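Analysis of the macromolecular model
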Amino acid sequence: MIALLIRDLRLAFRAGGGFGLGLGFFLILAVLVPLGVGPDQTTLGLIAPGILWIGALLACLLSLDRLFALDFEDGSLDLLATSPIPLEGVVAIKALAHWLTTCLPLALAAPVLGILLNLPGPAYGALILSLLVGTPALSIIGAFGAALTVGLKRGGLLLSLLVLPLYVPTLVFGAQTVTRAAQGLDLTTPLLLLGGLTAGSVALLPFAAAFALRINLR
Amino acid sequence: MELVVTDLAVSRGGLPLLEALSFTLGAGRALVLRGPNGSGKTTLLRTLAGLQPPLHGTISCPRDQMTYAAHADGLKSTLTVAENLQFWAAIHGQTGVEDALSAMNLSDLADRQAHNLSAGQKRRLGLARLLVTGRWLWVLDEPTVSLDVASVALFADVVRAHLSRGGAALLATHIDMGLPEATVLDLTPYKATMACNFGFDGAFDEAFL
C-alpha cells in the first residue's frame, strides 16, 4: 500500500503529473476576485471565507477526473484489481495521494491568499484548520465520483455533476467555520460537523468506490 | 495446485460468448487458447482473473494464486523501467527486480523512462512484471503482440522456466510460441449457441443495457 502511495506521489511530482494545477487555479481565483468585486475592504472581508472555500473546492475538483482514469487507460487498474491489495485500499490510498498533492497545498497556501481578500485577523487559524479537517472529505467523495465515471470518455462533466451536490455540506460547514471565526463567534459546532462529515465519508466511501470500480472493470 | 474450470459460461456486454467450457490445468502445464477474433478469449481470461463474474459454472483456483497480463501493460510512462517493476514487486511483496530485468533482457534500459521505450520493449517490461508477482498461475492475453522473433523465444524460455518451477500458464495467442509441451484448446466448439437462461442477476443487468 505504501508502494502505491509512493508511486502516486512520484507520478504527481514528475513532469505532466498535475501537481500545482489546483494550487494555480486557487491562486488565480483569489487574485481575480478582488479585481472583479472592487477594492472595498469591508465587502472583501465579508465574502473572503466563502470565496476561499469555494476556490479550494473547485481546485480540488479540477484534478479528480484523472484519479482513476489514467490507471484505467494504461491497464494498471486491471492489474491492481488482481493484485493482493484490496480495491478498497487502492481507493483509500489514491484518495490520500490526491489529498496530499492537491488539498494539503491548498490548505497551506490559503492564509497567504486570505491576505489578498482582506480576511479578518482571527479567522486565519480557523481557515487552515477547517481546510485541513474538511478537505479529506472532498478527496474521498471525489474518488467515489471518479470511480463511478472511470470507464466513460470525457467523464469529467458527469463527475462534477455527481460530486458537487455531495460537496455542499462540507462547503457550508467549512465556510461557516471561517465566517464565525471572523466574527469572533464560537466555531465548535460547524467544525465538529465538518469533522463528522469527513470521518463518515472516509469510513464509508472507499467501499462504495471499490464496488463501483469492480462494476466498471467488467 | 490445480486450476479446474467446470461448465463455465462467460458473457461480454450482456451477450453470452462461451458455454459448457470445462478444462483442468495442473502444475507445470501450459494451456494455449485458440479461436478467431471475438470468440471470447479475452473475456474468458478476464473471468478467470476475477475481473468479471462468470455467467455460469465454477473456477476452482483461488484469485490470489493467479496474475493477469492484459493487452495493456500497465506501465507509467514517467517512471523508469526499474521503478515500474519495483512498484509491482512491492505491491506483491516480492523482490527479484534485477533478475526479472535480466530475464527479459531489459537490464541496459533500467534507468530509462518508460515513454522512451519501443512498443516491443514496453511489452517486455509488461511481461517482466509476471516474474515479480510470485503467483503460481500466469493468465496471459496475447503476450507476444509487438515482440520480435528473438523476444518471443526469450519469453518462451521464461514461461518454460516458470513451468519447471511448478507454475502454470494459460495463454491466448494466435502465433506459435515455441512451447511444444503446451496443450492447445480450441474455443470454437464452446461458442454460445442459444441465449443463456439468465438468473435474476442477469435480468437485472439487462434492464440497464
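The following refers to the structure shown. Here the structure is a predicted model, which is why all the values come from computation and not from measurement.

Right, let's get into the overall build of chain A. A count of helices and strands for chain A gives nine helices and zero strands. Its C-alpha atoms give chain A a radius of gyration of 18 Å, within 12% of the compact-globule value 17 Å for 218 residues. Reported as C-alpha extents along the three principal axes, the dimensions of chain A are approximately 55 × 35 × 30 Å. Burial status across chain A gives 49% buried among its 218 residues. Once local pairs closer than 6 in sequence are excluded, the contacts in chain A between residues at least 24 apart make up 82%.

All names here are of chain B. Relative to the helices and strands, Leu-130 resides in helix 4 (residues 119-131). Along the sequence, Leu-130 and Ala-69 sit 61 residues apart, while their C-alpha atoms lie 7.6 Å from each other. Residues contacting Leu-130, with those up to four places away along its chain left out, are Thr-67, Ala-69 and Trp-138.

Residue and element names in this part refer to chain B. Here eight bridges tie strand 1 (residues 2-12) to strand 2 (residues 15-26), and the two strands are oriented antiparallel to one another. Following the sheet pairing, Leu-8 is matched in strand 2 by Leu-21. In sequence, strand 1 turns back onto strand 2 through a hairpin of two residues, with Gly-13 there showing a positive phi of about 60°. Where strand 1 lies against strand 4 (residues 56-59), three bridges are found, and the strand directions are antiparallel. What sits directly across from Val-5, in strand 4, is Ile-59.

Looking now at helix 4 of chain B. The buried fraction of helix 4 of chain B is high, at eleven of 13 residues. Among the structural elements, strand 5 (66-69), helix 2 (81-91), helix 3 (97-103), strand 6 (137-141) and helix 5 (149-164) of chain B are those in contact with the buried residues of helix 4 of chain B.

This part covers helix 5 of chain B. All names here are of chain B. Helix length check: helix 5 (16 residues) gives 23 Å between terminal C-alpha atoms against 22 Å at 1.5 Å per residue, within 8%. Among the residues making up helix 5, those that are buried are Phe-155, Val-158, Val-159 and His-162. One side of helix 5 holds all its buried residues, which, seen down the axis, span an arc of 95°. Among the exposed residues of helix 5, those oriented more than 90 degrees off its buried face are Val-149, Ala-150, Ala-161 and Ser-164. Those residues of helix 5 that are buried lie in contact with strand 3 (30-34), helix 3, helix 4, strand 6 and strand 7 (168-172). Gly-166 occupies a position one or two residues after helix 5 and carries a positive phi of about 95°.

Turning our attention to the pairing of strand 7 of chain B. All names here are of chain B. Of all five residues in strand 7, five are buried; the element is thus mostly enclosed. Here strand 7 shows two buried faces, one formed by Ala-168, Leu-170 and Ala-172 and the other by Ala-169 and Leu-171. Judged from the four bridges that link them, strand 3 and strand 7 form a sheet pairing that is parallel. Directly across from Val-32, in strand 7, lies its bridge partner Leu-171. Once the chain exits strand 6 it traverses helix 5 before rejoining the sheet at strand 7, and the crossover so formed is right-handed.

Let us look at the interface of chain B and chain A. Contacts between the two partners involve 20 residues from chain B and, on the opposite side, 21 residues from chain A. Broken down by secondary-structure element, the contributors of at least two residues to the side of chain B that touches chain A are strand 5 and helix 2 of chain B. Sort the elements by how many residues they give to the side of chain B that touches chain A and helix 2 of chain B lands first, with three residues. Its residues assigned to classes, the side of chain B that touches chain A shows ten nonpolar, seven polar and three charged.

A few words on the sheet that holds strand 2 of chain B. Residues and elements named next belong to chain B. Reading across the sheet, the three strands line up as 2-1-4 and stay open at both edges, with antiparallel pairing between neighbours. Every other strand in the sheet has two partners, leaving strand 2 and strand 4 as the edge strands with one partner each. Sheet twist, expressed as the average angle between the axes of neighbouring strands with direction ignored, equals 20°. The strands touched by helix 1 (residues 41-48) within the sheet are strand 1, strand 2 and strand 4, with strand 1 carrying the most contacts at an inclination of about 125°.

Below, the discussion takes up the sheet that holds strand 8 (residues 183-186) of chain B. All names here are of chain B. Across the sheet, which stays open at both edges, the five strands sit in the order 5-6-7-3-8 with parallel pairing between neighbours. Bordering the open sheet on either side are strand 5 and strand 8, each of which pairs with just one other strand. Strand-to-strand twist of the sheet, defined as the mean angle between neighbouring strand axes without regard to direction, takes the value 15°. One ladder, built from four bridges, connects strand 3 with strand 8; its direction is parallel. Each bridged residue has a counterpart across the sheet, and for Val-32 the counterpart in strand 8 is Val-184. Helix-sheet contacts for helix 5 involve strand 3, strand 6 and strand 7, and the interaxial angle to strand 7 is about 145°.

Cut-offs applied
- Residues numbered from 1 in each chain as written.
- Chains lettered and ligands numbered in written order.
- Predicted model: local features only at pLDDT ≥ 70, side-chain atom pairs only at ≥ 80, totals over all residues.
- Helix = DSSP H or I, 4+ residues; strand = E, 2+ residues; numbered from the N terminus.
- Rg over C-alpha atoms; globule rule 2.2 N^0.38 Å.
- Buried ≥ 20, exposed ≤ 12 C-beta atoms within 10 Å, placed from the backbone.
- Contact = placed C-beta atoms within 7 Å.
- Pairing = 2+ DSSP bridges.
- Expected span 1.5 Å × (residues − 1).
- Arc of directions from axis to C-beta.
- Right-handed = clockwise from strand over helix to strand, strands pointing away.
- Nonpolar A, V, L, I, M, F, W, Y, C, P; charged D, E, K, R; others polar.
- Axes fitted to C-alpha atoms, helices over the stretch in contact; angles between N-to-C directions.

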